[in-house]
Amino acid sequence: MSEKILVIGELQQGVLRKVSYETIAAAKQLNANAEILALVLGDGDLQHPAEEMIHYGADRVITVSHANLSNYTSEGYGQVIMEVMHDENPSGIIMGHTSVGKDVTPKIASRLELGLISDAVAIEKEDDQVIFTRPIYSGKAFEKKVMKDEGLLFATIRPNNISALEPDASRTGDIIAREVDVKDLRTIVKEVIRKKTEGVDLSEAKIVIAGGRGVKSAEGFNALYELADLLGGAVGASRGACDADYCDYSLQIGQTGKVVTPDLYIAVGISGAIQHMAGMSNSKVIVAINSDEEANIFKMADYGIVGDLFEVLPLFIEELKLQ
Ligand code: FAD
């Protein structure tokens, strides 16, 4: 294998984020014949996530464990990624467009004077050129980008858009534990206080049930949680619902919230303001439940139910329980 592509396995509370596997599939799309080298960084025993990366298609994994990597800092992660880049000289680097990827990749790109294509949702090859598709104007249009510079292809990919390869538990590959002295950090994260969240991660969920101001109360959201449980999905919300204190801001989807691209998005009592659509318009199938047949959300929905959500949701839940 002449070329190698570096992918970053991102840990969240000790578990690899799903987008880490998607970076491997993306790397294969860049060059099916390249060696896929994965970097997993954190603090503690990284053997299991390293093996997982191999099962999902990585050929070799470098793990870097250090106390200063127990929590993300751009300096700490940046030092390690740049050191591995320097030694391994990859022809491409792919990372998830997560809050970590969004933060660290531009810093590395500017430090090393590299181009960066961020938030790609598709990768194609035409002749020898690699074309990245990325959404612009809050998802209202797409642009296709190629790297003009010869050399390194550096990109982040939006979670849930490039499907991970089927895992193969019989795959093997070298796992190299590497020592990197992560030092001179100007920022140290002393403690992370996490909000308690249960179930599927909203940004990576295949099914999202989002509630709006039409849900009318925090108690009203219980039906959405029940539906999410039955479907194996995650609950999201409009800013209207968050502002009204029906749920936590961590659930907000939209221009100033999370961007999601699930296979199925069910909007419940959400009017479909442009700022909300910015966070969900690229969902594969959109279903809207709204009592106002003129609601803007119906313009984008693949399926619409004009009705009172307090009648529709219990029927839906009852039907699912029968399955
Ligand atoms: P509403 O617009 O009040 O809609 C409620 C809907 O519920 C209505 O369509 C109504 O017909 C329906 N309804 C009511 N009762 C029922 C019932 N019983 N059954 C069925 N349907 C019912 N918004 C976001 O969501 N995300 C963002 O990131 C975001 N960022 C913003 C950034 C800026 C700078 C600004 C200015 C605004 C932003 N907003 C954002 C706010 C956005 O403009 C809207 O105000 C918000 O999305 C409205 O939320 P909503 O659809 O829940 O509420």
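Residues numbered from 1 in each chain as written. Predicted model: local features only at pLDDT ≥ 70, side-chain atom pairs only at ≥ 80, totals over all residues. Heavy atoms only, no water.

Per an unreviewed UniProt entry, the recorded name for the chain is Electron transfer flavoprotein subunit alpha, and the organism is Sporosarcina ureae. UniProt's Sequence similarities (unreviewed entry) comment on the chain is quoted here verbatim: "Belongs to the ETF alpha-subunit/FixB family." (UniProt positions renumbered as here; feature names shortened; annotations may be inferred.)

A word on the overall build of the chain. Counting its secondary structure elements, the chain contains 9 helices and 17 strands. For the chain, the C-alpha radius of gyration of 21 Å lies close to 20 Å, the compact-globule estimate for 323 residues. With 323 residues in all, the chain has 50% of them scored as buried. Intrachain contacts of the chain at a sequence separation of at least 6 include 65% that bridge at least 24 residues. About 16,300 Å² of surface is accessible on the chain, with carbon and sulfur atoms providing 47% of the total. A gap of 5 Å separates the mean positions of the 31 positive and 48 negative side-chain charges of the chain. (Helix = DSSP H or I, 4+ residues; strand = E, 2+ residues; numbered from the N terminus. Rg over C-alpha atoms; globule rule 2.2 N^0.38 Å. Buried < 20%, exposed > 50% of the residue type's maximum accessible area, 1.4 Å probe, protein only. Contact = heavy atoms within 4.5 Å. Areas by Shrake-Rupley, 256 points an atom, 1.4 Å probe, with all protein chains shown as cover. Lys, Arg positive; Asp, Glu negative; His and termini not counted. Charge placed at Lys NZ, Arg CZ, Asp CG, Glu CD.)

One pass over the structure, following the stated rule, counts 0 disulfides. Here Cys242 stays free of any disulfide, with the sulfur of Cys247 as its closest cysteine sulfur at 4.0 Å. For Cys242, a relative accessible area of 2% corresponds to the buried category. (Disulfide = S-S within 2.5 Å.)

Residues in contact with the ligand amount to 26 residues; listed here are only the nearest, Arg213, Ser238, Thr256, Ser271 and Asn290. At a separation of 2.7 Å, an oxygen atom of the ligand approaches a polar backbone atom of Arg213. Taking Asn290, its side chain carries an N or O atom lying 2.7 Å from an oxygen atom of the ligand. Burial of the ligand by the protein chains amounts to 75% of its free accessible area of 980 Å². (Near = heavy atom within 4 Å. Polar contact = N/O pair within 3.5 Å; in protein donor to acceptor, adjacent residues only side chain to side chain.)

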